[in-house]
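Overview (structure and organization)
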Amino acid sequence: MGTILSGVDALVQLLVLRQQVDERAGLTTATMVSGYPGSPLGAVDLAIERLGDRLAEHRIVHRPGLNEELAVATVWGSQMGAVVGYRDVDGVVGAWYGKTPGLDRSGDALKHANAMGAGPNGGVVVFCGDDPTAKSSTLTCDSQHAFEDACVPVLVPGDQQDVIDLGIHAFALSRYSGAWVGMKVVTTVADGIGTVVVDPDRHPAPEVPDLVVDGQPWRHEPQSRVGPHTVPDQERLVVDHRLRAVRAYVRHHGLDRVVGAPAGARLGIVCAGKTYFDVVGAFADLGVSVDGLAAAGVRVLRLAMTYPLVEETVRDLAGAVDEILVVEEKRPFVEAQLRSILHEARSTVPVLGKRDHDGDPLVSPVGELDAPAVAAVL
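Residues numbered from 1 in each chain as written. Predicted model: local features only at pLDDT ≥ 70, side-chain atom pairs only at ≥ 80, totals over all residues. Heavy atoms only, no water.

1. Some remarks on the pairing of strand 12 (residues 267-272)
Regular strands have side chains that alternate between both faces of the sheet. Inclusion rule: Relative accessibility under 20% of the residue-type maximum defines a buried residue, over 50% an exposed one, and the middle range a partly exposed one, all with a 1.4 Å probe and only protein chains included. Strands here mean DSSP runs of E at least two residues long; helices mean DSSP runs of H or I at least four residues long; both are numbered from the N terminus. Only strands that DSSP links by at least two bridges are regarded as paired with each other.
For strand 12, the tally of buried residues reaches six of six residues, placing the bulk of the element in the interior. Side chains L267, I269 and C271 project from strand 12 onto one buried face, and the interleaved G268, V270 and A272 project onto a second face that is buried too. Here strand 12 pairs with strand 13 (residues 298-303) via six bridges, running parallel. Across the sheet, residue I269 finds its bridge partner in strand 13, namely V300. With three bridges connecting them, strand 12 and strand 15 (residues 324-326) associate as parallel partners.

The following block contains the structure:
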């Protein structure tokens with residue numbers, strides 16, 4: 001049975017569920033949560049405190065930050081036990097919440113913390129509220145560029161169930177790779193409500209892929225890979241090796257999904273998060289259901305991770321379609337990565353996004369997309 005939850009409430013339930021999943025896997029873990037309230041995640045602190053006695057029951061410690069940067073520092077400290085040792089637990093998970101302007105002001109702390117890395121039985125997820133229309137902000141928001149600058153991978157939930165399902169993977173991804181992981185939560189997802197299944201049985205302990213990096217099997221070992229000033233060749237670890245592990249995990253678990261036409265499709269559409277539902281709604285407005293996409297010759301790649309893109313997934317799409325359209329809000333974040341990957345692969349498949357074949361505007365780089373706007377593009 002599902003429970004009707006907002007995106008904010010789903011995020012809080014995720015913290016409880018994560019501990020239950022660990023417990024079933026034989027791990028004793030705790031959670032350190034810190035952040036600073038700001039719409040669309042402005043009520044997270046209140047929702048956490050409403051757990052009451054369940055906080056202690058699930059070993060969740062909530063310490064709101066005086067500001068966003070101090071909150072990052074608090075979460076950063078939760079991972080230190082990976083090298084100095086914990087008492088009574090196998091690991092501590094870190095979770096940060098805030099909005100994009102707060103992420104911006106936390107850049108220095110975030111970069112240092114991510115350089116240090118996450119504990120293999122801990123992991124850190126940064127839940128960032130994006131306000132694409134400046135509904136409650138002085139500027140419109142897109143956190144992806146700040147995350148990329150800090151070499152923090154980005155997962156994008158499209159609805160409240162995604163907050164739970166991708167959230168469980170986000171913590172596992174952080175543990176496997178050693179990187180902090182960002183989750184971009186837009187206003188529609190945070191404020192919206194939906195029926196959500198919150199059940200440990202849906203989430204067996206995630207498998208980890210076999211990955212070879214520079215001739216050696218990848219293993220995230222805290223003694224040699226956690227610590228900003230003691231790790232050999234740290235820059236390569238942060239900008240290359242961990243992101244290789246991130247891509248391998250997402251590919252192994254099939255988090256980026258394809259719907260619609262098989263190989264040989266006329267059009268491939270790339271989208272992520274809430275925008276996927278805008279694309280589906282746009283096709284419905286045009287008389288094409290999800291089940292009808294195959295007959296229409298349309299193949300849709302629904303990204304779970306917008307940074308870094310998985311090269312094999314992008315190349316697979318290019319080999320299966322005649323043309324690619326990237327549908328995303330704001331600046332061409334996914335489009336730029338996709339073009340780079342296909343250029344290196346010497347692909348000749350045309351890519352459209354912010355501009356059409358003639359260089360005229362196509363997908364708007366401002367405001368918020370919705371189904372009618374996407375239908376006009378299609």
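So, next bit.
2. Examining helix 4 (residues 68-78)
Put simply, the test is: Directions are taken from the helix axis to each C-beta atom, and the arc is the one they span. Contacts are assigned to residue pairs that have any heavy atoms within 4.5 Å of one another. Under this definition, polar contacts are N or O atom pairs within 3.5 Å; protein pairs additionally need one hydrogen-donor-capable and one acceptor-capable atom, and for neighbouring residues in sequence, both atoms have to be side-chain atoms.
Residues E68, A71, V72, V75, W76 and S78 constitute the buried set of helix 4. For helix 4, the angular spread of buried residues about the axis comes to 150°, placing them on one side. On its buried face, helix 4 is in contact with strand 2 (29-35), helix 5 (81-84), strand 4 (91-99), helix 6 (100-105), helix 7 (107-116) and strand 5 (124-130). The backbone nitrogen of E69 lies 3.0 Å from a side-chain oxygen of the residue at the head of helix 4, namely N67.

3. A look at the nonpolar core
Let me state the cut-off plainly: In this description, a nonpolar core means a group of buried Ala, Val, Leu, Ile, Met, Phe, Trp, Tyr and Cys residues linked to one another through side-chain atoms lying within 4.5 Å.
Counting residues in each nonpolar core, the largest one holds 53 residues, and the members touching the most others are L41, I48 and F127. Of all elements in the fold, only helix 1 (7-24), helix 2 (44-49), strand 4, strand 5, helix 9 (160-177), strand 7 (181-186), helix 10 (187-191) and helix 12 (234-253) reach the threshold of two or more residues within this core. When residues no more than four places from it in sequence are discounted, the contact partners of I48 are V12, L15, V33, L55, H62 and Y97. Membership of the second largest hydrophobic core comes to 46 residues, among which are A71, V75, A320 and L338.

4. Side note on the layout of surface pockets
For the record, the criterion: In this analysis a 1.4 Å probe is tested at points of a 1 Å grid over the protein atoms alone, and where it fits but cannot get out there is a cavity; an open set with protein on both sides within 12 Å along at least five of seven lines is a pocket; lining residues have an atom within 4 Å of a point. Grid points are joined across faces, edges and corners, and a volume is the space filled by probe spheres set on the points.
Taken as a whole, the largest pocket spans an internal volume of roughly 450 Å³. Looking at the largest pocket, it is lined by 20 residues, and the ones nearest its centre are P120, A172, R175, P206 and V208. Of all the secondary structure elements, the ones that give two or more residues to the lining of the largest pocket are helix 1 and helix 9. The greatest single-element share of the lining of the largest pocket, amounting to five residues, is contributed by helix 9.

5. Considering the sheet that holds strand 13
The test is simple: In this analysis an axis means a line fitted to C-alpha atoms, helices contributing only their contacting stretch, and an angle means the value between N-to-C directions, from 0 to 180 degrees.
Spatial strand order, 11-13-12-15-16: five strands in an open sheet with mixed pairing. One side of each edge strand has no neighbouring strand; the edge strands of this open sheet are strand 11 (257-260) and strand 16 (351-352). In this structure, strand 11 lies alongside strand 13, joined through four bridges in antiparallel fashion. Counterpart to G260 in the pairing with strand 13 is R299. Relative to strand 13, helix 15 (residues 311-318) is tilted by about 170°, and along the sheet it contacts strand 12, strand 13 and strand 15. Strand contacts of helix 16 (residues 333-344): strand 12, strand 13, strand 15 and strand 16, with the helix running at about 150° to strand 15, the strand carrying the most contacts.

6. Quick word on the sheet that holds strand 2
Spatially, seven strands are ordered 3-2-4-5-7-6-14 in an open sheet, and the strand pairing comes out mixed. With one partner strand each, in any of the chains shown, strand 3 (60-62) and strand 14 (305-307) form the two edges of the open sheet. Strand direction decides the pairing type here: strand 5 and strand 7, joined by six bridges, are parallel. Following the sheet pairing, F127 is matched in strand 7 by M183.

7. Brief notes about the environment of R331
Among the structural elements, R331 can be located in the loop between strand 15 and helix 16. A sequence separation of 186 residues divides R331 from H145, and the C-alpha atoms of the two residues are 9.5 Å apart. Among all residues touching R331, those that are not within four sequence positions of it are H145, K354 and P365.

8. Regarding the side chain of D278
Its place among the elements puts D278 in helix 13 (residues 274-285). Apart from residues no more than four positions distant in its own chain, D278 is found in contact with L369, D370, A371 and V374.

9. Here we look at the state of the cysteines
Put simply, the test is: When two cysteine sulfur atoms lie within 2.5 Å, the pair is treated as a disulfide.
Across all of its chains, the model carries zero disulfides by this definition. Between C128, a cysteine without a disulfide, and C141, which holds the nearest cysteine sulfur, the sulfur-to-sulfur distance is 7.6 Å. Between C151, a cysteine without a disulfide, and C128, which holds the nearest cysteine sulfur, the sulfur-to-sulfur distance is 17 Å. Since its relative accessible area comes to 12%, C151 is described here as buried.

10. Describing the side chain of S34
Looking at the element boundaries, S34 is found in strand 2. Given a relative accessible area of 0%, S34 falls into the buried group. Look past the residues within four positions of S34 in its chain and what remains in contact with it is R63, P64, G65, A71, T74, V75, A95, W96 and Y97.

11. Brief notes about the pattern of salt bridges
Which entries qualify depends on this criterion: Salt-bridge detection follows one rule: a side-chain nitrogen of Lys or Arg within 4 Å of a carboxyl oxygen of Asp or Glu.
Throughout the structure, instances matching the rule amount to 20 salt bridges. With its nearest N and O atoms 3.1 Å apart, the salt bridge here joins K184 to D142. Taken as a pair, K184 in strand 7 and D142 in the loop between strand 5 and helix 8 (144-149) lie far apart in primary sequence, 42 residues in all. Take K184 and D142: they sit in the same class, and that class is buried. Two residues, D165 and R202, come together in a salt bridge whose shortest N-O distance is 2.8 Å. Of this pair, D165 sits in helix 9 while R202 sits in the loop between strand 8 (193-196) and strand 9 (212-213); the two residues are 37 residues apart in sequence, bridging distant segments of the chain. Of the residues examined, D165 reaches a relative accessible area of 18% and is grouped as buried. Classification of R202 by relative accessible area gives partly exposed; the value is 40%.

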